[in-house]
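Structural overview
The lines below spell out each chain.
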Amino acid sequence: MTTTILPAELAERAQPAPFTHSADFTPRYWLFAAPAVLVVAGVIVFPWLFTLYMSTQDWKIGGGPEFVGLQNFAELFRDTRFIESMGHTLYFTVLAVVLPILFGTAAALVFHREFPFRGVLRTVFVMPMMATPVAVALVWTMMFHPQLGVLNYLLSLVGIGPQNWVYSPDTVIPTLILVEVWHWTPLVMLIVLGGLAGLPREPYESALIDGANDWHMFRHITLPLVWPFIMVAIVIRTIDALKAFDTIFVITQGGPGTASETLNIFLYLQAFQFYKIGYASAVVVIFFVIVIMLSLLLLYARQKSKWNA
Amino acid sequence: MKRLATKLGFYASLFVLVSPAVLVFLWMISLSFKNELDNTAFPPVFIPDPPTLKNYVDVFAQNNFALYLWNSVLVTGGAVLIGLAVGVPAGYGIARGKATKFAILILVARMTPALSYLIPLFLLFQMTGLVGTITALVITHLVITIPIIVWIMIGYFENIPMELEDAARIDGASSWQAFRHVALPLAMPGVTVGGILAFIFSWNNFIFSVVLGGKNSRTLPSAVYNSLTFEQISWGPLAAAALLVTLPVLLVTVLAQRQIVAGLSAGGLKDG
């Protein structure tokens, strides 16, 4: 972390302080953060460090730890179930990022306009992402039922035969992606909508005078200007899709077989079904590295968008 | 003519965007008000006729639903209150002290999968005999509430001009008084936003209670999930329970949608 300097930090350091404060400037403010530092050290930093320690141990719940070095990691990369879960995660993540980004951006363009009942409809649109994932997942499970589910009935109305949804290895991941898209497209919409709200007017006025049509204006003015916000949405969505757990766990528990077992589900089963604490911790460490890299990317994108939280 | 076509296209896309959300929630409501016969009928019955409250009565009569509701209130309430008490001053300290590194740590904590905290905390609670207690769940839910509150408060305090606090201190106020009587009142909208989002993410959390909750300390989401696996699946009561679990969150969304939209487009991060 010491060698990584973010662009905004550099800029900050280069600027002279606008107001001269007394010498105890920083320590005085640290006191405000002290209780949080203690709690964060206990429930966040301690678990991280302990996980790192556990990942080097052969440890099952009930037994004691035994130091094995990097053997857990070596074993993981020979474990076909782990490799397959990486594949499932990649498949799931790519589509669970791309589709919400496309639909969410389109939705933001729609909700950016003025129309009757905009506030009400926006609230309805945002509801899926606020709803309790478990509750929603239970309803989706009932809707996917091959014989009695409402989705197969609706498909039959438009002449499409019954689908197996989450009951077939071929369709289970696309079906879970459907739920994920339903759930999280609103978050992308909100982020992009925030970007659209800050757009300047002048470029559009001069483009209109030059006779540009809607598509040209979107392609050459709107899209470049909101791109930083879309980038932020892409990074957040990627991290969230990697972490997806509740809906997958409730609807399929990784099944049928291991067809929808993502990294997170694999991790849960290793830890709390097979009680292989050391092995599961090694998965957490790998997960953690991926998430940190994506978080740094997010910070970078966030600074570029000059986005004030 | 062209204007009319554009307008029709616009409303068509609006319809396509909003209808999936509407359909799922309407179907949830429909299932919860129908008797078992109608719920398993094919072709499906869409409108409950006559609507029945039996499913809701069953939810309360056949399960410890009231107990789990109370557990959820305790866990979420405790984690949000402690989160605010600790997180709001921390947001102030980080924003004013320019503690960039601590801010980054909070952000990384925000992004890390919830499961990654669970193994060490589970072992810790097992050693201290806290597994299956409300206390263990409140402590664990701080992992959700503190990062979101701190992160949102940093943003709000950064946008409050420093000059007001400087003026107060020149008049002899202490740092605490400058925070308590000048900065905090101005940042109250942020406290509301942070509190609401922390409430929603904590209430919705499922996995912590699955692993750490005991038979009598479970929160609602994992209690409803358990009723699915361990009892005869019947759709009506299940849908009614699911609706009851998510109802508080949906009500807050409707009542505080302006704050939520502000918080999410600013903080932009959800819980995992």
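Since we're looking at a predicted model, the values are computed, not measured.

What follows is about the overall build of chain B. When its secondary structure is counted, chain B shows 14 helices and 0 strands. Along the first, second and third principal axes, the C-alpha set of chain B runs to 75 × 70 × 30 Å. Residues classed as buried in chain B amount to 60% of the 272 residues present. Within chain B, counting contacts between residues at least 6 apart in sequence, those at least 24 apart form 76% of the total. Accessible surface, chain B: about 11,200 Å² in total, of which carbon and sulfur atoms supply 69%. Computing the positive centroid from 15 side-chain charges and the negative centroid from 11, chain B places the two 7 Å apart.

A few words on the overall build of chain A. When you go through chain A residue by residue, the secondary structure sums to 13 helices and 2 strands. Taking all 309 residues of chain A together, the buried fraction comes to 53%. If you take every contact in chain A between residues at least 6 apart in sequence, the share linking residues at least 24 apart comes to 67%. When the accessible surface of chain A is summed, it comes to about 14,400 Å², and 66% of that surface belongs to carbon and sulfur atoms.

It should be kept in mind that the predicted coordinates are not to be read in detail where pLDDT is low. Residues and elements named next belong to chain A. Averaged over all residues, the pLDDT of chain A equals 85, while 88% of them reach at least 70. Per-element confidence in chain A is highest for helix 4 (residues 80–112), whose mean pLDDT is 95, and lowest for helix 1 (residues 7–14), whose mean pLDDT is 38. Across residues 1–24, confidence stays below pLDDT 50; counting only partners more than four residues off in sequence or on other chains, it has 13 contacts.

Moving on, we come to the environment of I251 of chain A. Residue and element names in this part refer to chain A. Here I251 lies in helix 11 (residues 246–251). A C-alpha to C-alpha distance of 27 Å links I251 and I61, two positions 190 residues apart in sequence. Beyond its immediate sequence surroundings of up to four residues, I251 is in contact with A137, W140, T141, F144, V166, L176 and V179.

In this model, chain B carries a mean pLDDT of 87, and residues with pLDDT of at least 70 account for 94%. The least confident element of chain B is helix 14 (residues 257–267) of chain B, whose mean pLDDT is 71; the most confident is helix 4 (residues 65–97) of chain B, at 94.

Together, L154, L157, V158 and I160 of chain A together with F46 and I47 of chain B make up a nonpolar patch on the protein surface, roughly 590 Å² of accessible area in all. Within the secondary structure layout, I47 of chain B lies in the loop between helix 2 (36–39) and helix 3 (54–62).

Listed by partner, the interface residues are 99 residues for chain B and 97 residues for chain A. The junction of chain B with chain A conceals about 8,800 Å² of combined surface from both sides, 81% of it contributed by carbon and sulfur atoms. Applying the counting rule to chain B against chain A returns 0 salt bridges. One can count 8 residue pairs in polar contact (both at pLDDT 80 or more) joining chain B with chain A. Here the element with the most residues in the side of chain B that touches chain A is helix 1 (residues 2–32) of chain B; it accounts for 14 residues.

Moving on to the nonpolar core. Core analysis: the biggest nonpolar cluster contains 194 residues, and W140 of chain A together with F157 of chain B have the highest contact counts within it. Broken down by element, this core gets its largest block of residues, 16 residues, from helix 8 (residues 172–197) of chain A. For W140 of chain A, the residues in contact, after removing those within four places along its chain, are L151, L178, V179, W182 and I251 of chain A together with V24 of chain B.

With that settled, consider the side chain of S281 of chain A. Locating S281 of chain A in the fold gives a position in helix 13 (residues 277–304). Apart from residues lying up to four places away in sequence, S281 of chain A is in contact with T51, M54 and S55 of chain A together with I119 of chain B.

Taken as a whole and judged by the stated rule, the model has 39 aromatic pairs over all chains. Ring plane angle 50° and centroid distance 6.1 Å describe the contact between F157 of chain B and F179 of chain B, whose orientation is recorded as tilted. Remark: F179 of chain B occurs in helix 9 (residues 175–186) and F157 of chain B occurs in helix 7 (residues 134–158); sequence separation between them is 22 residues. Grouping residues by exposure puts F157 of chain B and F179 of chain B together as buried. Through pairs of rings, three or more aromatic residues link up here, namely F245, F249, Y268 and F272 of chain A together with F122, F206 and Y225 of chain B. Across the ring face of Y279 of chain A, the terminal group of K276 of chain A is positioned such that the distance to the ring centre comes to 4.5 Å.

Parameters and conventions
Residues numbered from 1 in each chain as written. Chains lettered and ligands numbered in written order. Predicted model: local features only at pLDDT ≥ 70, side-chain atom pairs only at ≥ 80, totals over all residues. Heavy atoms only, no water. Helix = DSSP H or I, 4+ residues; strand = E, 2+ residues; numbered from the N terminus. Buried < 20%, exposed > 50% of the residue type's maximum accessible area, 1.4 Å probe, protein only. Contact = heavy atoms within 4.5 Å. Areas by Shrake-Rupley, 256 points an atom, 1.4 Å probe, with all protein chains shown as cover. Lys, Arg positive; Asp, Glu negative; His and termini not counted. Charge placed at Lys NZ, Arg CZ, Asp CG, Glu CD. pLDDT = per-residue confidence, 0-100. Patch = residues over 30% accessible without salt bridge, like charges linked within 9 Å, V, L, I, M, F, W, Y side chains within 5 Å. Salt bridge = Lys/Arg side-chain N within 4 Å of Asp/Glu carboxyl O. Buried area = accessible area lost by both parts, 1.4 Å probe. Polar contact = N/O pair within 3.5 Å; in protein donor to acceptor, adjacent residues only side chain to side chain. Core = buried A, V, L, I, M, F, W, Y, C linked by side-chain atoms within 4.5 Å. Phe/Tyr/Trp six-rings, centres within 6.5 Å; stacked < 30°, edge-to-face > 60°. Lys NZ or Arg CZ within 6 Å of the ring centre and 35° of its normal.

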